[in-house]
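Residue-level structure breakdown
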Amino acid sequence: MDRRQFIVLGTAGSVAVFTGCGGSGGGGGVATPPTGTAPPPASPPVSNPPPSTPVSPLTSGQPLTDLVRLANTSATPNEFAATLVARRASKAMLPGTSTEFWTYDSRVPGPLIDVFEGDTVRIRLENQLSQETTVHWHGLPVPPAQDGNPMDPIAPGASRTYEFTLPVGSAGTYWYHPHPHELTAEQVFRGMAGLLIVRSPTDPVPTAIEEKLLVISDLRLAADGTIPANTPMDWQNGREGNYVLVNGQYQPVLSINPGQSQRWRILNATNARYLRLALTGHTMTLIGTDGGLLRSPVPGLDEILLAPAERVEIIVTASLSSQASAVLRSLPYNRGGMGMVGSSSATIPLLTLTYTSGSTVAVALPSALNPVADLGVPTKTKRLVFSSGMGMGGMGGGMMSFLIDGKSFDPARIDLTSRVNEVEQWTIESRSSMDHPFHLHGTQFQVVSRTRSGVTANEPYLAWRDTVNVAAFETVVFNVVQHHLGKRMYHCHILEHESQGMMGVLDVVA
Ligand code: C2O
Ligand code: CU
Ligand code: CU
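Let me begin by describing the structure that accompanies this report. It should be emphasised that the depicted structure is a prediction, and the values quoted were computed from it without experimental measurement. Counting of residues starts from 1 at the beginning of each chain's written sequence and follows it residue by residue. A letter from A marks each chain and a number from 1 marks each ligand, given out in the order of writing. Thresholds applied to this predicted model are a pLDDT of at least 70 for local features of residues and 80 or more for the giving and counting of side-chain atom pairs; totals over whole chains, interfaces and linings are not thresholded and use all residues. With hydrogens and water excluded, all non-hydrogen atoms of the structure serve as input to the side-chain values.

1. Looking at the overall build of the protein chain
- Helix and strand definitions here come from DSSP, where helices need a minimum of 4 consecutive H or I residues and strands a minimum of 2 consecutive E residues; each element is numbered from the N-terminal end. Helix and strand counts for the protein chain stand at three helices and 32 strands.
- Exposed residues in this analysis have more than 50% of their type's maximum accessible area, buried residues have under 20%, and partly exposed residues fall in between, with area computed by a 1.4 Å probe over protein chains only. Evaluated residue by residue, the protein chain yields a buried proportion of 58% over its 510 residues.
- It only takes one pair of heavy atoms within 4.5 Å for two residues to be counted as in contact. Across the protein chain, contacts joining residues at least 24 apart in sequence account for 77% of those joining residues at least 6 apart.
- Carbon together with sulfur atoms contributes 55% to the accessible area of the protein chain, which is approximately 18,400 Å² in total. Note that accessible areas follow from Shrake-Rupley with a 1.4 Å probe, and for residues the cover is restricted to the protein chains shown.

2. So, the nonpolar core
- Trp264, Ile266, Ile314, Leu350 and Leu351 are the most contacted members of the largest nonpolar core, which has 30 residues in total.
- With five residues, strand 21 (residues 348-355) is the single largest residue contributor to this core.
- Those residues within four positions of Ile314 in sequence are excluded, and the remaining contacts are Gln262, Arg263, Trp264, Ile266, Met284, Thr285, Leu286, Ile287 and Ile304.
- Side-chain atoms within 4.5 Å link the members of a nonpolar core, which is a set of buried Ala, Val, Leu, Ile, Met, Phe, Trp, Tyr and Cys residues. Listed in part, the 28 residues of the second largest apolar core include Tyr274, Phe402, Val447 and Leu506.

3. Observations regarding the pattern of salt bridges
- In what follows, salt bridge is the name for a side-chain nitrogen of Lys or Arg lying within 4 Å of a carboxyl oxygen of Asp or Glu. Overall, the coordinates contain 31 salt bridges when judged by the stated rule.
- The salt bridge partner of Arg263 is Glu313, with a shortest N-O separation of 2.7 Å. Separated by 50 residues along the polypeptide, Arg263 in strand 14 (residues 261-268) and Glu313 in strand 19 (residues 311-317) bring together distant segments of the chain. You'll find Arg263 and Glu313 in the same group, each marked buried.
- One salt bridge in this structure joins Arg465 and Glu459, with 3.7 Å as the shortest N-O distance. You'll find Arg465 and Glu459 in the same group, each marked buried.

4. Side note on the coordination of the copper ion (ligand 3)
- Metal coordination here is assigned from N, O and S atoms located within 2.8 Å of the ion, or within 3.2 Å for Na, K and Ca; omission of water means that sites may look incomplete. Surrounding the copper ion (ligand 3) are the protein donor atoms His436 (ND1), Cys492 (SG) and His497 (ND1), which sit 2.0 to 2.1 Å from the metal.
- Mapped onto the sequence, the donors of the copper ion (ligand 3) take the spacing H-x55-C-x4-H. Of this pair, His436 sits in strand 26 (residues 436-440) while Cys492 sits in strand 31 (residues 486-492), and the two are 56 residues apart along the sequence.

5. Re the sheet that holds strand 26
- Think of it this way: DSSP has to see at least two bridges between two strands before they count as a pair. The strand order across the open sheet built from five strands is 24-32-31-26-29, with neighbouring strands paired in mixed fashion. With one partner strand each, in any of the chains shown, strand 24 (416-419) and strand 29 (467-470) form the two edges of the open sheet. Mean inter-strand twist for the sheet, computed between neighbouring axes without regard to direction, equals 25°.
- As paired strands, strand 24 and strand 32 (residues 503-509) are joined by four bridges and run parallel to one another. Fitted lines through C-alpha atoms give the axes, limited to the stretch in contact for helices. The angle between two N-to-C directions lies from 0 to 180 degrees.

6. Some details on the packing of aromatic side chains
- Centre distance within 6.5 Å is the pairing criterion for rings of Phe, Tyr and Trp, where only the six-membered ring of Trp is used; planes under 30 degrees apart are then read as stacked, over 60 as edge-to-face, and the remainder as tilted. Applying the stated criterion across every chain, the model contains 13 aromatic pairs.
- Here the aromatic rings of Tyr274 and Tyr333 are separated by 5.3 Å at their centres, their planes lie at 10°, and the arrangement is stacked. With Tyr274 in the loop between strand 14 and strand 15 (275-279) and Tyr333 in the loop between strand 20 (325-331) and strand 21, this residue pair connects regions lying 59 residues apart in the sequence. You'll find Tyr274 and Tyr333 in the same group, each marked buried.
- Here the aromatic rings of Phe438 and Tyr490 are separated by 6.3 Å at their centres, their planes lie at 35°, and the arrangement is tilted. One end of the pair, Phe438, is in strand 26; the other, Tyr490, is in strand 31, with 52 residues separating them in the sequence.
- Take Phe438: its relative accessible area is 0%, and that puts it in the buried class.
- Every member of this aromatic cluster is reached through a ring pair, and the members are Phe386, Trp426, Phe438, Phe445, Phe478 and Tyr490.
- The ring centre of Trp102 lies 5.2 Å from the NZ or CZ of Arg190, which sits over that ring.
- A positively charged side chain is recorded as over a ring if its NZ (Lys) or CZ (Arg) lies within 6 Å of the ring centre. The angle to the ring normal must also be within 35 degrees. One cation-aromatic arrangement involves Arg239 over Phe189; the distance from NZ or CZ to the ring centre is 3.6 Å.

7. A closer look at the sheet that holds strand 20
- The five strands are arranged 13-21-20-15-18 in an open sheet whose pairing can be described as mixed. Only two strands of the sheet have a single neighbouring strand rather than two, namely strand 13 (253-256) and strand 18 (304-306). Between one strand and the next, the sheet's axes are offset by a mean angle of 25°, whatever the strand orientation.
- In this sheet, strand 20 lies alongside strand 15 in antiparallel orientation, the contact comprising four bridges. From the neighbouring strand, Arg276 faces strand 20, where its bridge partner is Leu331.

8. Brief notes about the coordination of the copper ion (ligand 2)
- His136 (NE2) and His439 (NE2) make up the full set of protein donors to the copper ion (ligand 2), lying at 1.9 Å. Here His136 is found in strand 6 (residues 136-138), whereas its partner His439 is found in strand 26, with 303 residues between them in sequence. Across the pair, His439 and His136 agree in class, each one buried.

9. Some thoughts on the pairing of strand 31
- In terms of burial, strand 31 is largely enclosed, as six of its seven residues are buried.
- Of the pairings in the sheet, the one linking strand 26 to strand 31 comprises three bridges and is antiparallel in character. Across the sheet, Phe438 pairs through a bridge with Cys492, a residue of strand 31.
- Where strand 31 lies against strand 32, six bridges are found, and the strand directions are antiparallel. Opposite Arg488, over in strand 32, you have Leu506 as the bridge partner.

10. What to know about the pairing of strand 20
- Of the pairings in the sheet, the one linking strand 20 to strand 21 comprises six bridges and is antiparallel in character. By the bridge assignment for strand 21, Leu328 is matched with Leu351.

11. Details of the environment of Asn72
- Following the sequence through the fold, Asn72 ends up in the loop between strand 1 (6-7) and strand 2 (79-91).
- In this structure, the C-alpha to C-alpha distance between Asn72 and Val121, residues 49 residues apart in sequence, is 9.6 Å.
- Sequence-distant contacts of Asn72, that is, excluding residues within four places in its chain, are made with Glu79, Phe80 and Ala81.
- Two N or O atoms count as a polar contact when they lie within 3.5 Å, although within protein this holds only if one can serve as hydrogen donor and the other as acceptor, and sequence-adjacent residues are included solely when both atoms are side-chain atoms. A polar contact of 2.9 Å, which involves the side chain of Asn72, links it to the backbone oxygen of Glu79.
- A polar contact is formed between the side chain of Asn72 and the backbone nitrogen of Ala81, at a distance of 2.8 Å.

Written out as structure tokens, the structure reads:
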């Protein structure tokens, strides 16, 4: 993102300057004072859907910008040190208006953290927001005390340093985002999320295959350019915006030579939008998931479903036909929910791939990518039940509640206990009419099977994941092991559900 597009407003603790803050009726304004819009008190469900039609289009068709890298301030080999500042920043999105985001380093998405296996990472977070925050290193095998748990908040005006060493074998596509108690959903939809790549010195994908990073996020803008608060409907279904952005840009353009292959790392950084990705006129080759590369490429995919918080690595090869362009789109996906969930019917263009007049000789992919080791035979089992419903505890009184094992999150309660280094098999059973992406902190798991309507499908290949979609009434089984002692979160990654308590605490003990 071009830094010049940003006008940074305010400094530590200052009251934000809003331009054109009209206070769209009923929305509670845009976080002034910024104590956040915690999950709403019990109130009757409201049936009007969130605004779904953009009032005016954002500028589209700009060349896709590269993510800005977070600079390493350490000169020591195998060490990465930096400071991230959580702060408000404004940017012109709709003509004649200014949109205030909550950001890392005044960027949306946050800066790219690009590190290597074996690196010791030391990142200081300076909280210039007016509410508490944390930084969670989504998917990374870091010790619990360094993982930005909601129990370890950084107060407004305070800072802390996170420190961890990335083990060999952890190469993959991760991300970072806030995780404060009840405030995660809002901090993310206002702009706080960034990509974190862990690289391996022995990456098997030929470097002649150019890498492109795509961070997909959601933005809802009111006509006055402000980002409105969540509606009661958002708290139920999870928030979807009226614009889907790639690297903070609206429908940007990426160029490719006919015959050329590119390696795309894609992050779904939205609060609740399911991305059913498809590229017109092309198939895609899946080479990696959340926690790294697969054993071998999976070619010929017409579509890839990327639930909130999931990442994939794919190879896209531009056809040699007379095509002039292709469009990366998100196809309709029905994820359940109350009323109209916009994405259940719409096809959304995300990015245009334009062909240059040159051509490139194809680069072959190796057939063996990564020796993903089978976690082996589990010696313990766990079963979790997702449920959602009216007045089933939690929020009570007419609001829908989102529960795991019938309970709403309590930071002081330990819900599950595991032994460190012991392989377990977890079964996640959904008794909910909505899809929920299940996420477990601190490790990568291997999905074994998925059961829908009594039919069990074994997972076709081994893959490292930290997030897996559990479709309505589906049961998902995976194997997992934790390597650090301490408390880990597990939760639904529809952030509105997480913020309302669809989360639990796993204590990993000796
Ligand atoms: Cu990406 Cu607990 O989160
Ligand atoms: Cu996480
Ligand atoms: Cu959920």
